[in-house]
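# Structural description and commentary
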Amino acid sequence: MLINLPLLRRDLTLALRRPQDALTVVGFFVVVVALFPLGVGPDPQLLRILAPGVLWVAALLATMLALERLFMDDYRDGSLEQLLIAPEPLAFLVLSKVLAHWLITGLPLVLISPLLGIQLGLQSEEILMMAIALLIGTPILSLIGAIGAALTLGLRGGGVLISLLILPLYVPTLILGAGAVDAVMHGLSAQAHLSLLGALLILAVMLTPWATAAALRIMLD
Amino acid sequence: MAEKSIQWFKFASPARFYDLTGRLVWGFGILAAVLFVVGLYMGFVLAPPDYQQGNSYRIIFIHVPSAWMAMFLYVVMAIYAAVGLIWRIKTAEIMAKAIAPTGALMAFLALWTGAVWGKPTWGAFWVWDARLTSSLILFFMYLGFIALHAAIEDRQRAANASAVLALVGIINVPIIYFSVHWWNTLHQGATIKATSAPSMAAIMFFTVIVMVFAYWMYSIAAVLARARLELLEREKHAAWVSERLNLPRTKETPHA
């Protein structure tokens, strides 16, 4: 079984008992987006052009912020070590944890994005495309980010380091995701962007759990 | 087959590696110095000014090789990292670590010379052009590798963790490269193509080739020199180190 359901349910339950964790990430996303008009001025035309990039960069940063917590709690209370010696392949367990993490921190970003799109003056098709692109793109961010979270586990200043390690790897997702919305904005088809984004997601699902598992074993041995 | 692989891995032993590279560092270093002098003379004296760009094009003689080296060194670094991770070879881990600063230097040089060339040619120091941008991202990836190495105190763990990062990076490099190209291209098209005759004067072409070799030799020398020091530091309690450095044999102090 690719996804370990008990582990998924456990992570989701833990998150629901402490909803402020997920809400902080959404709050961060909303605040960062709200700061941009204050920085560049309230011109609706300019804001509309900037909107895809602003929303995507804010989503990137919000995901980044949430990553530290992906393995941290389990690392502190020792349950991560139990996962390492579980009979199941560690990569599958990692995939379950990342899925739970995305449901808690990634999906809310997708759901709140139309509201922010309206704020920045996007049209309805553009808002729809933004939500679709984020829906395909944010899981990629969580999957790649998990590698960074594992590599910086237990390090001093891990939060700053993780951004240096992971943000360069986010570039293709950012380009394709923001590009999809841009294409719709200019009356073009976003099919190519979405296809490539989907291909990236498949690649990330296949490969990143193994890298994350390897990183976890290295950092905990 | 087994004997053949022993031949190769013979140099992986720290003491042998140290002895062998002691001479190689000088060989490659001197070769680099000679090639740099020849290449720069060709580039700045012999090569004629370009009919479009005048003299400003001459910066490609230091720009192009550094950009190539920056990309190539990342691949070499990832290969050494993989060898170190899979076969647990200490010298390979040290080589991967030793390559990173040279690679970062090359990426930085490529960015800097690119900006200096961009000012007279494009009228701006920085243009968000595909190749400049992907070089910048490559530079960040080198910095990430170096930073991760520095952040983990245990040397073995640092080597393994950064090896994983280098391997993840090497899978991503082509994806990043193509996505950035797709995103925007404003750079002049590639002038040296493998398939057709280069569209530049022969002297310019040969100068670039000489400079590329000079950068190669320099990179090898610098990496080996750095690897030797790292090796001494990691093996400071080993008998071969005291022998080579003529140190009095101290009491074996346990690893901290």
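Residues numbered from 1 in each chain as written. Chains lettered and ligands numbered in written order. Predicted model: local features only at pLDDT ≥ 70, side-chain atom pairs only at ≥ 80, totals over all residues. Heavy atoms only, no water.

The next point concerns the overall build of chain B. Helix and strand content of chain B: 8 helices and 0 strands. Each helix and strand of chain B, ordered N terminal to C terminal, gives the series α-α-α-α-α-α-α-α. Within chain B, the fraction of its 256 residues that count as buried is 45%. For chain B, restricting intrachain contacts to residue pairs at least 6 apart in sequence, the fraction spanning at least 24 positions comes to 76%. Carbon and sulfur atoms make up 69% of the accessible area of chain B, which totals about 13600 Å². (Helix = DSSP H or I, 4+ residues; strand = E, 2+ residues; numbered from the N terminus. Buried < 20%, exposed > 50% of the residue type's maximum accessible area, 1.4 Å probe, protein only. Contact = heavy atoms within 4.5 Å. Areas by Shrake-Rupley, 256 points an atom, 1.4 Å probe, with all protein chains shown as cover.)

In terms of helices and strands, chain A carries 10 helices and 0 strands. Put simply, chain A runs from its N terminus to its C terminus through helices and strands in the order α-α-α-α-α-α-α-α-α-α. Over its C-alpha atoms chain A spans a radius of gyration of 18 Å, differing by no more than 12% from the 17 Å that the globule rule assigns to 221 residues. Counting all 221 residues of chain A, 55% fall into the buried class. For chain A, contacts bridging at least 24 residues in sequence account for 82% of all contacts bridging at least 6. Summed over all atoms, the accessible surface of chain A reaches about 9700 Å², with 70% contributed by carbon and sulfur. (Rg over C-alpha atoms; globule rule 2.2 N^0.38 Å.)

Here the focus is the side chain of Ser142 of chain A. Summarising the element assignment, Ser142 of chain A is placed in helix α7 (residues 124-151). Ignoring anything within four residues of it in the chain, the contact list for Ser142 of chain A reads Thr63, Leu67, Val98, His101 and Trp102 of chain A.

Right, let's get into the nonpolar core. Of all hydrophobic cores here, the largest spans 140 residues; its most connected members are Phe29, Phe71, Leu151 and Leu216 of chain A together with Met77 and Leu148 of chain B. A total of 15 residues in this core trace back to one element, the largest contributor, which is α7 of chain A. Discounting residues that sit within four places of it in the chain, Leu148 of chain B has contacts with Leu151, Leu155, Leu161 and Leu165 of chain A together with Ala161, Ser162 and Leu165 of chain B. (Core = buried A, V, L, I, M, F, W, Y, C linked by side-chain atoms within 4.5 Å.)

Here the focus is the interface of chain B and chain A. The partner chain A presents 25 residues to the 26 residues of chain B that form the contact. Both sides together, the interface formed by chain B and chain A hides about 2100 Å², and carbon and sulfur atoms give 84% of it. In this assembly, chain B and chain A are joined by 1 salt bridge. Across the pair Arg156 of chain A and Glu153 of chain B runs a salt bridge whose closest N-O atoms are separated by 2.9 Å. Secondary-structure elements contributing two or more residues to the side of chain B that touches chain A are α5 (130-151) and α6 (155-183) of chain B. Top element by residues in the side of chain B that touches chain A is α6 of chain B. It accounts for 15 residues. Here the residues of the side of chain B that touches chain A are counted per class, giving 19 nonpolar, 5 polar and 2 charged. (Buried area = accessible area lost by both parts, 1.4 Å probe. Salt bridge = Lys/Arg side-chain N within 4 Å of Asp/Glu carboxyl O. Nonpolar A, V, L, I, M, F, W, Y, C, P; charged D, E, K, R; others polar.)

What follows concerns the packing of helix α3 (residues 60-87) of chain B against α5 of chain B. Residues and elements named next belong to chain B. Axis separation between α3 and α5 bottoms out at 11 Å; the angle between their running directions is 35°. Relative to α5, the crossing made by α3 is left-handed. Residues Ala70, Met71, Leu73, Tyr74 and Met77 of α3 touch α5, and the partners they reach there are Leu138, Met141, Tyr142 and Phe145. Class assignment of the residues belonging to the contact of α3 with α5 gives a composition of 9 nonpolar, no polar and no charged. (Axes fitted to C-alpha atoms, helices over the stretch in contact; angles between N-to-C directions. Left-handed = near helix turned anticlockwise from the far one by under 90°.)

This part is about unusual backbone geometry. All names here are of chain B. The backbone of Arg88 sits at a positive phi, close to 55°, despite the residue not being glycine. Within the secondary structure, Arg88 is located in the loop between α3 and α4 (90-122). Residue class for Arg88 comes out exposed when judged on its relative accessible area of 56%.

Residue and element names in this part refer to chain B. In this model α4 runs 47 Å from its N-terminal to its C-terminal C-alpha over 33 residues, within 8% of the 48 Å that 1.5 Å per residue would give. At Ala100, α4 shows its strongest bend, of approximately 25°, with the proline Pro101 following within four residues. With its phi angle positive at about 85°, Gly123 sits one or two positions after the end of α4. (Expected span 1.5 Å × (residues − 1). Bend = angle between axes of the 7 residues up to and from the residue.)

For helix α8 (residues 158-166) of chain A, the complete set of buried residues consists of Gly158, Leu161, Ile162, Leu165 and Ile166 of chain A. On an axial view of α8 of chain A, the arc spanned by its buried residues comes to 120°, and they lie on one face. (Arc of directions from axis to C-beta.)

The next thing to look at is the packing of aromatic side chains. Residue and element names in this part refer to chain B. Considering all chains together, one arrives at 11 aromatic pairs over all chains under this definition. Centroid distance Tyr74 to Tyr142: 5.3 Å. Interplanar angle 70°. Geometry classified as edge-to-face. Within this pair, whereas Tyr74 is found in helix α3, its partner Tyr142 is found in helix α5, the two being separated by 68 residues in sequence. Assessed through its relative accessible area of 2%, Tyr74 is described here as buried. Of the residues examined, Tyr142 reaches a relative accessible area of 0% and is grouped as buried. Where Phe108 meets Trp112, the ring centres are 6.0 Å apart and the plane angle is 45°; that geometry is what we call tilted. Separated by 4 residues within a single helix, Phe108 and Trp112 lie in helix α4, roughly one turn from each other. (Phe/Tyr/Trp six-rings, centres within 6.5 Å; stacked < 30°, edge-to-face > 60°.)

A cluster of nonpolar side chains, contributed by Ile202, Leu203, Met206 and Leu207 of chain A together with Ile171 of chain B, occupies part of the molecular surface with about 450 Å² of accessible area. Residue position: Leu207 of chain A is located in helix α10 (residues 191-220). (Patch = residues over 30% accessible without salt bridge, like charges linked within 9 Å, V, L, I, M, F, W, Y side chains within 5 Å.)

Confidence in the prediction of chain A, expressed as mean pLDDT, is 92, and 100% of residues score 70 or more. When mean pLDDT is compared element by element in chain A, α7 of chain A scores highest at 96, while α8 of chain A scores lowest at 87. (pLDDT = per-residue confidence, 0-100.)

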